[in-house]
Amino acid sequence: MINVNQTFFKHPYRWLMYATNSTDTEMLEQINNALPDSNIVLAKWNDNDDNFELSQFYKTERFAETIYESFGYWSVATGLVDLRKDKVLSRRRRNLHGKSLQASFVILYNDTLNHLTDYRDRNLDSITKVSYTLINLMIDCMNSSRTFTYTDTWGYYDKRTNTINGMFGELFYNRADVGGTSAFMIAERVGLYEFIAMGAPTRAKFIFRAPTLSFVTNIYYLPFQANVWYSLVALVIVSCGFIYFTYRISNMRSPQTEEVLRPSDMFLFGISAICQMGTHREPKYASGKISTIFFVIALIFVYTSYTANIVSLLQSTTKSIKTLEDLYNSDLGFGVEDTPYNINYFQLSKPGTIHREIYERKIAPPKQQSKFMNISHGVSLMRNGFFAFHSEGGTAYKIIEDTFYEHEKCGLVEIDYLAQIDPWFAIQKHSPYKEIMKVLLFRIREHGIQFREVSRVYTKRPVCSSHGQSFESVRLIDCQIVLTILAYGFIFSFIVFIIEKIVHARSIESKLCLL
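Residues numbered from 1 in each chain as written. Predicted model: local features only at pLDDT ≥ 70, side-chain atom pairs only at ≥ 80, totals over all residues. Heavy atoms only, no water.

Asker: Could you give an account of the environment of Asp86, with specific residues and numbers?
Answerer: Along the polypeptide, Asp86 turns up in the loop between strand S5 (79-82) and helix H2 (89-92). The spacing of Asp86 and Gly179 is 93 residues in sequence and 29 Å in space, taken between C-alpha atoms. Engagement of the side chain of Asp86 in a polar contact is seen with the backbone nitrogen of Val88, the distance being 3.0 Å. (Helix = DSSP H or I, 4+ residues; strand = E, 2+ residues; numbered from the N terminus. Polar contact = N/O pair within 3.5 Å; in protein donor to acceptor, adjacent residues only side chain to side chain.)

Right, dumping it as structure tokens:
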């Protein structure tokens, strides 16, 4: 019996053993791996009752005292009689009789050790604070003592030293029974650890304030549809042509009172009317005055409609940034919360993917300082400009709730980068306490305790209150197109000025030559 590979006593193997005397029983007690997940039935012959007495035994940990459970009995006459009150193994063996369970937690901020349960500084190590309460409650339900260790990272494989550090290193090298801080269930970890229950339902993501429409498009074109713009162009051309015709007719009827009207004058007249400006030419006759005033009135209605729409659009936000590709192609600034898992996932993103492009061109461009930063600084940049910040949602929203004005909380956009499911609690591979811990954590969740702790620690996404909205001042970027047109106009006028100077100089030279 003793020579049997003791790993075979672990779940899911089942054993039926027969003891003929007390010596056999003592030998069975030397099976140190008969832990809470073992399923061994021990049969002893009872001469008085002419049957086999059945019992089960296990140990809370290696080299601990053997604990016996009554199973029932079997005889030829009655068959198997099961006397167990509870047939679920994990429920029967939940009491570990004071066995010390070791848990490892991730602490990124030293002061968190002083505020694990008082709900202060909820935005710091939020996931650990939720996990700490749940793990403590689970250990209490197992009637165990506890030993806690703290690390500054979740744990990743180091190729240089061929080791795993952090919390997962504690689990891998059997220095911890359970990972106290929930973690992402990634492919590299599934083969090395067991994931038993979901922790705090939160994930890191890019968060940013939706930029105004003028940030991504020419907003001055949007108030009217394309066919309306075409109609307006036709209106200006036809109206200017008709007014030019009335000027010419007036000039024919009274050439001594009317100056010569050139097509360039009509072009400037049309521009002046569109911009609600005056004109340096006034018709002398009723036909010209009537056509001019009705043209100006028509443009007043167009101008009123246009300005009413443009004011609204200048305050509107765009919904065109919905994917990582949209975010990458935008002009938004980028920042990432300086945490171990963010650094690891961004650095290990696969080449040729949009994730890698974002890391190499937006987060850590060559010969430039990386964009990993403190969360408070990142959220302030997000508030003051066009900036996308990658952070855990509940953590960032706590600062947003405290520092943003009500209208600034509207238009927040989230885009997932890691594409991971919510974090789970991890334990050692083939842990004998797996089923016990798993059932207890699920019960804690079903009874609403986990939801209560998450609600106390994590801040939900701020609600956009309609009565809290207000108009913001128009920013320089909103006037980008206007300034561009102005710059092109100055350049064009300067070119025309140079041409006029050259033509004027040549005309003077030709006149001198004739003299």
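Read on for the rest.
Asker: Would you mind going over the nonpolar core in detail, with residue names and values included?
Answerer: The biggest cluster of nonpolar side chains holds 66 residues, and the ones touching the most others in it are Phe168 and Phe206. Take this core: its biggest share by element is seven residues, from helix H3 (residues 126-141). Once you skip the residues sitting within four places of it in the chain, Phe168 turns out to touch Trp154, Gly155, Ala183, Arg189, Tyr193, Phe195 and Ala426. (Core = buried A, V, L, I, M, F, W, Y, C linked by side-chain atoms within 4.5 Å. Buried < 20%, exposed > 50% of the residue type's maximum accessible area, 1.4 Å probe, protein only. Contact = heavy atoms within 4.5 Å.)

Asker: Summarise the sheet that holds strand S2 (residues 39-46); cite the residues concerned and give the values.
Answerer: The strand order S1-S2-S3-S4-S5 describes an open sheet built from five strands, whose pairing is mixed. The open sheet terminates on both sides in strands that have one partner only, identified here as strand S1 (14-19) and S5. Across the sheet, the mean angle from the axis of one strand to that of its neighbour is 30°, orientation sign disregarded. Bridge analysis of strand S3 (residues 51-58) against strand S4 (residues 67-75) gives seven bridges, and the strand direction is antiparallel. Each bridged residue has a counterpart across the sheet, and for Phe52 the counterpart in S4 is Trp74. (Pairing = 2+ DSSP bridges. Axes fitted to C-alpha atoms, helices over the stretch in contact; angles between N-to-C directions.)

Asker: Mind laying out a nonpolar patch on the surface, listing which residues take part and the relevant values?
Answerer: Taken together, Ile290, Ile293, Phe294, Ile297 and Phe301 make up a surface patch of nonpolar side chains, about 530 Å² in accessible area. By secondary structure assignment, the location of Ile290 is in helix H8 (residues 286-314). (Patch = residues over 30% accessible without salt bridge, like charges linked within 9 Å, V, L, I, M, F, W, Y side chains within 5 Å. Areas by Shrake-Rupley, 256 points an atom, 1.4 Å probe, with all protein chains shown as cover. Salt bridge = Lys/Arg side-chain N within 4 Å of Asp/Glu carboxyl O.)

Asker: Tell me about a negative patch on the surface, residues and numbers included.
Answerer: Taken together, Asp47, Asp49, Asp50 and Glu53 make up a surface patch of like negative charges. In this fold, Asp50 is placed in the loop between S2 and S3. The exposed category is assigned to Asp50, whose relative accessible area is 51%. (Lys, Arg positive; Asp, Glu negative; His and termini not counted. Charge placed at Lys NZ, Arg CZ, Asp CG, Glu CD.)

Asker: Tell me what's going on with the packing of aromatic side chains, and back it up with residues and numbers.
Answerer: Throughout the structure, instances matching the rule amount to 25 aromatic pairs. Ring geometry for Phe206 against Tyr417: centres 5.9 Å apart, planes inclined by 90°, an arrangement best described as edge-to-face. With Phe206 in strand S12 (residues 204-209) and Tyr417 in the loop between strand S16 (412-416) and strand S17 (424-428), this pair connects stretches of sequence that are 211 residues apart. On the basis of relative accessibility, which here comes to 0%, the residue Phe206 falls in the buried class. For Tyr417, a relative accessible area of 2% puts it in the buried group. Relative to Tyr417, the ring of Phe346 lies with its centre 4.2 Å away and its plane at 5°, an arrangement referred to as stacked. Taken as a pair, Phe346 in helix H10 (residues 340-347) and Tyr417 in the loop between S16 and S17 lie far apart in primary sequence, 71 residues in all. When sorted by exposure, Phe346 lands in the same class as Tyr417, which is buried. Among the aromatic side chains, those forming a connected cluster through ring pairs are Phe206, Phe334, Phe346, Phe372 and Tyr417. (Phe/Tyr/Trp six-rings, centres within 6.5 Å; stacked < 30°, edge-to-face > 60°.)

Asker: Can you tell me about the sheet that holds S16, naming the residues and giving the values?
Answerer: Neighbouring strands of a sheet are bound in pairs by backbone hydrogen bonds; such pairs are parallel or else antiparallel. The strand order across the open sheet built from five strands is S14-S13-S15-S12-S16, with neighbouring strands paired in mixed fashion. In this open sheet, the two edge strands, each paired with only one partner strand, are strand S14 (372-373) and S16. Contacts from helix H12 (residues 375-384) reach S12, strand S13 (333-337), S14 and strand S15 (387-392), with the element oriented near 145° to S15.

Asker: Would you mind going over the side chain of Thr128 in detail, with residue names and values included?
Answerer: Tracing the chain through its elements places Thr128 in helix H3. For Thr128, the side chain forms a polar contact with the side chain of Thr181, separated by 3.2 Å. Contacts of Thr128, omitting those with residues within four sequence positions, involve Phe105, Val106, Ile107, Leu116 and Thr181.

Asker: Run through the pairing of S3, naming residues and quoting values.
Answerer: For S3, the buried fraction is high: six of the eight residues fall into the buried class. Pairing geometry for S2 and S3, over six bridges, is antiparallel. Bridging from a neighbouring strand, Leu42 pairs with Ser55 of S3. Once S2 ends, the chain turns through four residues before running back antiparallel as S3, passing Asp50 with a positive phi of about 55°.

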